[in-house]
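Close look at the chain arrangement
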Amino acid sequence: MFADIVSRAGYGEVVPPILEDIGVFARLGEQTDVVTKEMYDFVDKGGRHVALRPEQTASVARLFVEHRPTLPFRAWYSGPNFRYEKPQKGRYRQFDQCGVEALGSSDPDLDIEVISLAWDFFAALGLQHVDLVVNSLGEPTDRAAFTDALGRFAASRADELSEAGRTTLEKNPLRLLDSKRADDIAVMADAPTIDEYWSPTARDHHDAVLQGLHALGIPVIEDRRLVRGLDYYRFTTFEFRSPALDGAQNAIGGGGRYDGLVEDLGGPPTPGVGFALGVERTLLACDAEEVGRIHGPQADVFVVDTSTSGAALRISTALRRAGYRCERSYDHRSMKSQMKAADRAGATLALIVGEDEAASDTVLVRDMRHDSPQSLVHQTDVVEYIRQVLTPQSDV
Ligand code: HAM
């Protein structure tokens, strides 16, 4: 479903490698937890310092620098990421993400586009309660001036911060804004806010993003404290939160603009914006809301074969080759047990082959949804017959 939504918008799939040179991830931020504490890195047999990817934005930027696709380059990906975190519900050392990255344009329409793609995906899953939280970190100079001001402010109240908060202050005062410790929260409530430092360009960009989201009917919660855990962001940052999940792990997705990343990785100045959603957390949110129960695709046809003629193998292969979802049983189960399996598979039609049908090379076609008369069809005509009564399912 994710692939469907993003490819309708013109995003093509990329498959970044799981293992990258450690240098690719340096730009996530020298003082970020992702880089200092959570990286699965090691030196390989050839003496190269490599890491399992903790996320995929940096890898997409790296592959952009290497292959220089035409602009705008818009790509989507999915797959595992690795962070050495303390495992708990919704926080894992290996977790999956689906995401998109759009490189080559500073147009706020692209910020709006990527946000709306994620929004539409959550809606398509059936999630009713997703909060979209948006902020802007401004231009790099705005962000630097704000970080300085924040550092000065927090230093003036250092004795009120938690011990861990004082360490954060030394490393990266910005991170104090998303501290979950009560002492830090109380102090930071009086801290300066980033909007006081936005340049006119940053303010205009932010306003355009808010207006565009409003025009699409996407509700926004503005939060000046949203700084995110990675250092490459400029201008727009955003997070999707599920109020149905525990506070510390309630972000089901996040992203933002990272206009300097490609240049930092050795490419030409290239703006970029994207998001990634956490697959496990999204599923936890679906469970919590009791929606989006993802059933496997329903079968078009179920071949029930109680004969010893090998009909199930031949017929299911022929139908699958013709584009139908076709299931069958194994291990010579009884008719009753195979009919139950056909029911569980949600099959539209059951094709039944007992010894009598096998002897005459026929199948009995039963409509599983309506009480209509069964038809007897010759096995060589089965595919054609199914073609007349069903249309093949397209990809999900
Ligand atoms: P992130 O906020 O670090 O951003 O991760 C995105 C999402 O991945 C989170 O909102 C969360 O749902 C999920 N996630 C992160 N860490 C874990 C974990 N340890 N266990 C389970 N789920 C987790 C990024 O990764 C950026 N690359 C997003 C982005 C794309 N920015 C621009 N483009």
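Report follows, based on the coordinates. Since the structure is predicted, the reported quantities are computational estimates derived from the model, not experimental observations.

The subject of this paragraph is the pairing of strand E10 (residues 251–257). Buried residues dominate E10, accounting for seven of its seven residues. Judged from the six bridges that link them, strand E9 (residues 234–241) and E10 form a sheet pairing that is antiparallel. Of the residues in E10, the one forming a bridge with Phe-240 is Gly-253. Across five bridges, the pairing between E10 and strand E11 (residues 272–278) is antiparallel.

This brings us to the nonpolar core. By size, the foremost hydrophobic cluster in this structure holds 44 residues, and its most contacted members are Phe-73 and Met-188. Listing elements by their share of this core, those giving two or more residues are helix H2 (23–26), helix H4 (57–67), strand E5 (73–82), helix H6 (140–156), helix H8 (182–188) and helix H10 (261–264). The contact partners of Met-188, leaving out residues within four places of it in the chain, are Leu-150, Phe-153, Leu-176, Leu-177 and Arg-225.

For the rest of this paragraph, the subject is the packing of aromatic side chains. All chains considered together, the criterion is met by eleven aromatic pairs. Ring geometry for Phe-146 against Tyr-197: centres 5.8 Å apart, planes inclined by 50°, an arrangement best described as tilted. A residue pair is termed long-range when its members are at least 10 positions apart, and Phe-146 in helix H6 and Tyr-197 in the loop between H8 and helix H9 (200–215) qualify at 51 residues. Phe-146 sits in the buried class, given a relative accessible area of 1%. Among the residues examined, Tyr-197 registers a relative accessible area of 26% and is labelled partly exposed. Among the aromatic residues, those joined into a cluster by ring pairs are Phe-2, Trp-76, Phe-121, Phe-122, Phe-238, Phe-240 and Phe-275. One Lys or Arg, Arg-74, reaches over the ring of Tyr-11 and ends 4.6 Å from the middle of that ring. When the ring centre of Tyr-84 is taken as origin, the NZ or CZ atom of Arg-93, which lies over that ring, is 4.1 Å away.

Turning our attention to the pattern of salt bridges. Inspection of every chain in the model, using the stated rule, returns 20 salt bridges. One salt bridge connects Asp-178 with Arg-175, and the closest N-O pair in it is separated by 3.0 Å. Via salt bridges that share partners, Glu-20, Arg-62 and Glu-66 belong to a single interconnected network.

Running from N to C, helix H12 (residues 311–321) and helix H15 (residues 382–389) cross one another at 45°; their axes reach a closest spacing of 10 Å. Put simply, H12 runs oblique to H15. As H12 packs across H15, the resulting crossing turns out to be right-handed. Residues Ile-315, Ala-318 and Leu-319 of H12 touch H15, and the partners they reach there are Val-382, Val-383 and Ile-386. Taken together, the residues that form the contact of H12 with H15 break down as six nonpolar, no polar and no charged.

Pairing within the open sheet is mixed, and its eight strands lie in the order E1-E5-E6-E11-E10-E9-E7-E8. Only two strands of the sheet have a single partner each, and these edge strands are strand E1 (12–13) and strand E8 (221–222). As paired elements, strand E7 (residues 131–136) and E9 share six bridges and run antiparallel to each other. In the strand pairing of E9, Val-133 is matched with Glu-239. Here H4 sits on the sheet in contact with E5 and strand E6 (94–103), set at roughly 135° to E5.

With that out of the way, let us pick up the state of the cysteines. One pass over the structure, following the stated rule, counts zero disulfides. The structure places no disulfide on Cys-98, whose sulfur is separated from the nearest cysteine sulfur, that of Cys-286, by 12 Å. The exposure class of Cys-98 is buried, given its relative accessible area of 13%.

What follows is about the site of the ligand. The full set close to the ligand counts 27 residues, and Glu-55, Thr-57, Glu-85, Tyr-233 and Ala-251 are the nearest of them. Here a nitrogen atom of the ligand and a side-chain polar atom of Glu-85 are 2.5 Å apart. Contact distances for the ligand include 3.4 Å between an oxygen atom and a backbone N or O atom of Ile-252. Considered on its own, the ligand offers 660 Å² of accessible surface; in the complex 96% of this is hidden by protein. When residues of the shell around the ligand are traced back to their parent elements, those giving at least two are E6, E10 and E11. The element contributing the most residues to the shell around the ligand is E10, with six residues. Looking at the shell around the ligand residue by residue, the classes come out as eleven nonpolar, nine polar and seven charged.

Quick notes on the rules
- Residues numbered from 1 in each chain as written.
- Predicted model: local features only at pLDDT ≥ 70, side-chain atom pairs only at ≥ 80, totals over all residues.
- Heavy atoms only, no water.
- Buried < 20%, exposed > 50% of the residue type's maximum accessible area, 1.4 Å probe, protein only.
- Helix = DSSP H or I, 4+ residues; strand = E, 2+ residues; numbered from the N terminus.
- Pairing = 2+ DSSP bridges.
- Core = buried A, V, L, I, M, F, W, Y, C linked by side-chain atoms within 4.5 Å.
- Contact = heavy atoms within 4.5 Å.
- Phe/Tyr/Trp six-rings, centres within 6.5 Å; stacked < 30°, edge-to-face > 60°.
- Lys NZ or Arg CZ within 6 Å of the ring centre and 35° of its normal.
- Salt bridge = Lys/Arg side-chain N within 4 Å of Asp/Glu carboxyl O.
- Axes fitted to C-alpha atoms, helices over the stretch in contact; angles between N-to-C directions.
- Parallel < 35°, antiparallel > 145°, perpendicular 65-115°, else oblique.
- Left-handed = near helix turned anticlockwise from the far one by under 90°.
- Nonpolar A, V, L, I, M, F, W, Y, C, P; charged D, E, K, R; others polar.
- Disulfide = S-S within 2.5 Å.
- Near = heavy atom within 4 Å.
- Polar contact = N/O pair within 3.5 Å; in protein donor to acceptor, adjacent residues only side chain to side chain.
- Areas by Shrake-Rupley, 256 points an atom, 1.4 Å probe, with all protein chains shown as cover.

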